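Each chain is listed here by its residues.
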Amino acid sequence: MTIAMLLSGGVDSSVALRLLAEEGHTITAFYLKIWLEDDLAFLGDCPWEEDLDYARKVCAQIGVSLEILPLQREYRQQVVEHTLSELRAGRTPSPDILCNQRIKFGEFVHRIGPHFEKIASGHYAQVEERAGLHWLKRSPDPVKDQTYFLCRLSQEQLGKILFPVGHLTKSQVRELAAKYQLPTQNRKDSQGICFLGKISYPDFVRCHLGEKEGLIVEERSGRVLGKHSGYWFHTIGQRQGLGLSQGPWYVIRKDVGSNTLFVSHSAELSKKSLQNFQVKDTHWICGPPQNCVLQTKLRHTSNLENCTIQFLDSSGSRLKVCLENPDSGIAPGQSAIFYKGDYCLGGGIIDEPNPGSD
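Residues numbered from 1 in each chain as written. Predicted model: local features only at pLDDT ≥ 70, side-chain atom pairs only at ≥ 80, totals over all residues. Heavy atoms only, no water.

Chemist: Teacher, can you tell me more about the sheet that holds strand 7 (residues 161–162) here?
Modeler: Within a sheet, adjacent strands bond to each other through the backbone by hydrogen bonds, running parallel or antiparallel. Pairing within the open sheet is parallel, and its five strands lie in the order 3-2-1-4-7. Two strands lie at the open edges of the sheet, namely strand 3 (65–70) and strand 7, each paired on one side alone. With six bridges connecting them, strand 2 (residues 26–33) and strand 3 associate as parallel partners. Pairing of A29 across the sheet is with L66, part of strand 3. Those strands touched by helix 5 (residues 95–112) are strand 1 (2–6), strand 2, strand 3, strand 4 (118–120) and strand 7, and its axis lies near 130° from that of strand 1. (Pairing = 2+ DSSP bridges. Helix = DSSP H or I, 4+ residues; strand = E, 2+ residues; numbered from the N terminus. Contact = heavy atoms within 4.5 Å. Axes fitted to C-alpha atoms, helices over the stretch in contact; angles between N-to-C directions.)

Chemist: Would you mind showing me how to read the packing of aromatic side chains here?
Modeler: Given two aromatic rings, their pairing is described by the distance between the two centres and the angle made by the two planes. Going through the model one piece at a time under the given rule, you end up with nine aromatic pairs. Their ring planes at 75° and their centres at 6.1 Å tell us that W135 and Y343 sit as a pair that is edge-to-face. Remark: Y343 occurs in strand 17 (residues 343–350) and W135 occurs in strand 6 (residues 133–138); sequence separation between them is 208 residues. Comparing W135 with Y343, the two get one shared label, buried. Plain terms: the ring middles of Y148 and F149 are 5.3 Å apart, the flat faces sit at 80° to each other, and that makes the pair edge-to-face. Comparing Y148 with F149 shows no difference in burial state: the two are buried. Between the NZ or CZ atom of R130 and the centre of the ring of Y343, over which it lies, the distance is 5.0 Å. We note R253 situated over the ring of F262; from NZ or CZ to the ring centre the distance is 3.8 Å. (Phe/Tyr/Trp six-rings, centres within 6.5 Å; stacked < 30°, edge-to-face > 60°. Buried < 20%, exposed > 50% of the residue type's maximum accessible area, 1.4 Å probe, protein only. Lys NZ or Arg CZ within 6 Å of the ring centre and 35° of its normal.)

Chemist: Would you mind showing me how to read the side chain of H283 here?
Modeler: Position of H283 among the secondary structure elements: in strand 12 (residues 274–284). The exposure class of H283 is buried, given its relative accessible area of 19%. A polar contact is formed between the side chain of H283 and the backbone oxygen of L153, at a distance of 2.8 Å. Beyond its immediate sequence surroundings of up to four residues, H283 is in contact with C151, R152, L153, S154, L345, G346 and G347. (Polar contact = N/O pair within 3.5 Å; in protein donor to acceptor, adjacent residues only side chain to side chain.)

Chemist: Would you mind showing me how to read helix 8 (residues 201–209) here?
Modeler: Given 3.6 residues to a turn, an α-helix orients residues that are three or four positions apart in the same direction. Of the positions making up helix 8, those classed as buried are F204, V205 and L209. Viewed end-on, helix 8 has its buried residues packed into an arc of 100°, placing them on one side of the element. Positive backbone phi, at 75°, marks G210, one or two positions downstream of helix 8. (Arc of directions from axis to C-beta.)

Chemist: Where do I start with unusual backbone geometry in this structure?
Modeler: As a rule of thumb, non-glycine residues mostly have phi less than zero, and peptide bonds are mostly trans rather than cis. One non-glycine residue with positive phi stands out, namely Q181, at about 55°. A positive phi angle is found at N259, which is not glycine, with a value near 55°. With respect to the helices and strands, N259 occurs in the loop between strand 10 (249–255) and strand 11 (260–265).

Chemist: It is not clear to me how the nonpolar core should be interpreted in this structure. Could you clarify?
Modeler: Within soluble globular proteins, side chains that are nonpolar generally end up buried alongside one another. In terms of nonpolar packing, the biggest core is built from 33 residues, with F105, F108, I112, I119 and L136 touching the most fellow members. Contributing elements (two or more residues each) for this core: strand 1, strand 2, helix 4 (72–88), helix 5 and strand 16 (335–340). The greatest single-element share of this core, amounting to eight residues, is contributed by helix 5. When residues no more than four places from it in sequence are discounted, the contact partners of F105 are L6, N100, I119, S121, H123, L150, L153, Q157, I161 and F163. (Core = buried A, V, L, I, M, F, W, Y, C linked by side-chain atoms within 4.5 Å.)

Chemist: What exactly am I supposed to notice about the sheet that holds strand 8 (residues 214–218) here?
Modeler: Ordered in space as 9-8-11-10, the four strands form an open sheet in which the pairing is mixed. Across the chains shown, the open sheet's two edge strands, defined by having one partner strand only, are strand 9 (224–228) and strand 10. On average, each strand axis in the sheet is inclined to that of its neighbour by 30°, with strand direction left out of account. Direction of pairing for strand 8 relative to strand 9: antiparallel, over a ladder of four bridges. Paired with V217 across the two strands is V224, which belongs to strand 9.

Chemist: What am I meant to see in the pattern of salt bridges here?
Modeler: Proximity of charged atoms lets side chains of opposite charge pair with each other. For the coordinates displayed, the defined rule picks out 22 salt bridges. Put simply, R187 and D51 hold a salt bridge, and the shortest N to O gap is 3.0 Å. Here R187 is found in the loop between helix 7 (170–179) and helix 8, whereas its partner D51 is found in helix 3 (residues 48–62), with 136 residues between them in sequence. We classify R187 as buried; its relative accessible area is 12%. (Salt bridge = Lys/Arg side-chain N within 4 Å of Asp/Glu carboxyl O.)

Chemist: Got a minute to help me understand the packing of helix 4 against helix 5 in this structure?
Modeler: Between two packed helices, the angle of one axis relative to the other and the distance separating the axes together describe the packing. It is at 10 Å that the axes of helix 4 and helix 5 come closest, and there the two elements cross at 165°. When the axis of helix 4 is compared with that of helix 5, the two are roughly antiparallel. The handedness of the crossing between helix 4 and helix 5 comes out as right-handed. Touching E74, Y75, Q78, V79, H82 and T83 of helix 4 are P95, L98, C99, R102, I103, K104, E107 and R111, all from helix 5. Split into classes, the residues belonging to the contact of helix 4 with helix 5 amount to six nonpolar, three polar and five charged. (Parallel < 35°, antiparallel > 145°, perpendicular 65-115°, else oblique. Left-handed = near helix turned anticlockwise from the far one by under 90°. Nonpolar A, V, L, I, M, F, W, Y, C, P; charged D, E, K, R; others polar.)

Chemist: Help me out: how do you make sense of the pairing of strand 13 (residues 293–297) in this one?
Modeler: Along any regular strand the residues' side chains alternate between the sheet's two faces. For strand 13, the tally of buried residues reaches four of five residues, placing the bulk of the element in the interior. With three bridges connecting them, strand 13 and strand 16 associate as antiparallel partners. Directly across from K297, in strand 16, lies its bridge partner I337.

Chemist: Just checking my understanding: could you explain the packing of helix 1 (residues 11–22) against helix 7 for this structure?
Modeler: Running from N to C, helix 1 and helix 7 point in directions that differ by 65°, and their axes come no closer than 10 Å. In this structure, helix 1 meets helix 7 at a crossing whose hand is left-handed. Contacts from V11, D12, V15 and L19 in helix 1 reach K170, V173, R174, L176 and A177 in helix 7. Of the residues contributing to the contact of helix 1 with helix 7, the split by class is six nonpolar, no polar and three charged.

Note that every value here comes from positions in space, so none of it alone points to a role or purpose.
Spelled out as structure tokens, the structure:
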């Protein structure tokens with residue numbers, strides 16, 4: 001097969017490339033150059049040159065050609081601007097989900113054209129074909145599983161994708177990297193949002209939205225506890241970075257109009273936990289499920305939470321979700337991803353939760 005390999009300069013995509021090469025495919029590797037690595041380099045260490053150097057070394061060792069594909073404009077328009085818009089509105093976006101849907105398996109595929117039969121990456125996920133449908137299956141490594149970030153991929157996209165390390169655990173990938181003596185074998189895992197590289201998320205937000213002093217108020221008493229630099233730096237359920245004594249304190253509510261954070265102690269937090277909330281813009285990978293008893297992830301963790309869903313429209317796009325166990329960190333704009341056992345069924349966007357419904 002002719003395969004386009006997304007190569008980041010990390011160990012996962014390097015091992016994926018080596019495995020494909022051993023199978024005898026005709027492969028071209030692509031390094032995607034994204035705009036923030038240049039435009040925001042003044043914020044700190046963002047060594048895309050180092051990543052690219054590792055990618056080149058891996059390709060040289062394996063004997064695969066490498067092309068550099070600039071997608072700065074597409075990232076800015078389709079991922080970054082949406083993220084900033086959501087932050088301004090006081091919501092909690094999931095930019096990596098859009099990155100995969102719109103850029104890595106969207107614009108990239110369009111840019112390289114129909115010449116390649118498959119697109120490959122180092123994601124920890126699996127694609128399984130059954131009855132003419134492409135199902136997204138979790139990795140056997142629950143910590144590294146990345147189906148959460150792939151939940152909005154379409155049937156067309158999944159039908160063209162290969163995840164060569166998706167059936168492996170991280171430790172197995174590390175072992176293979178050492179076995180093959182890959183230049184990336186000792187590189188640390190990347191952390192954070194895909195388009196930031198090694199730039200910190202607060203620095204990114206500060207650069208675009210600035211700072212605006214506001215009050216931190218105890219929800220129960222109305223007592224002013226301190227000040228913050230802007231509601232857009234904080235999300236519901238957050239406990240770190242508040243700078244308050246006698247904690248732990250948790251953000252339980254934001255007032256965008258007055259730029260106020262409302263916080264509570266953990267003893268009060270359970271009273272504000274939500275069990276029911278609504279989800280909109282839901283994308284179902286293989287169509288809406290028939291069984292409404294599912295599992296969900298409200299953030300990228302290894303845990304699945306039991307839930308039931310109720311469809312609120314005929315398309316299955318809008319849902320009411322009832323969690324088996326209440327959650328204190330449900331934030332508007334956040335993604336809710338749905339699972340049935342090992343399979344990721346899709347996901348949607350949490351709408352404004354209504355505490356009064358619980």
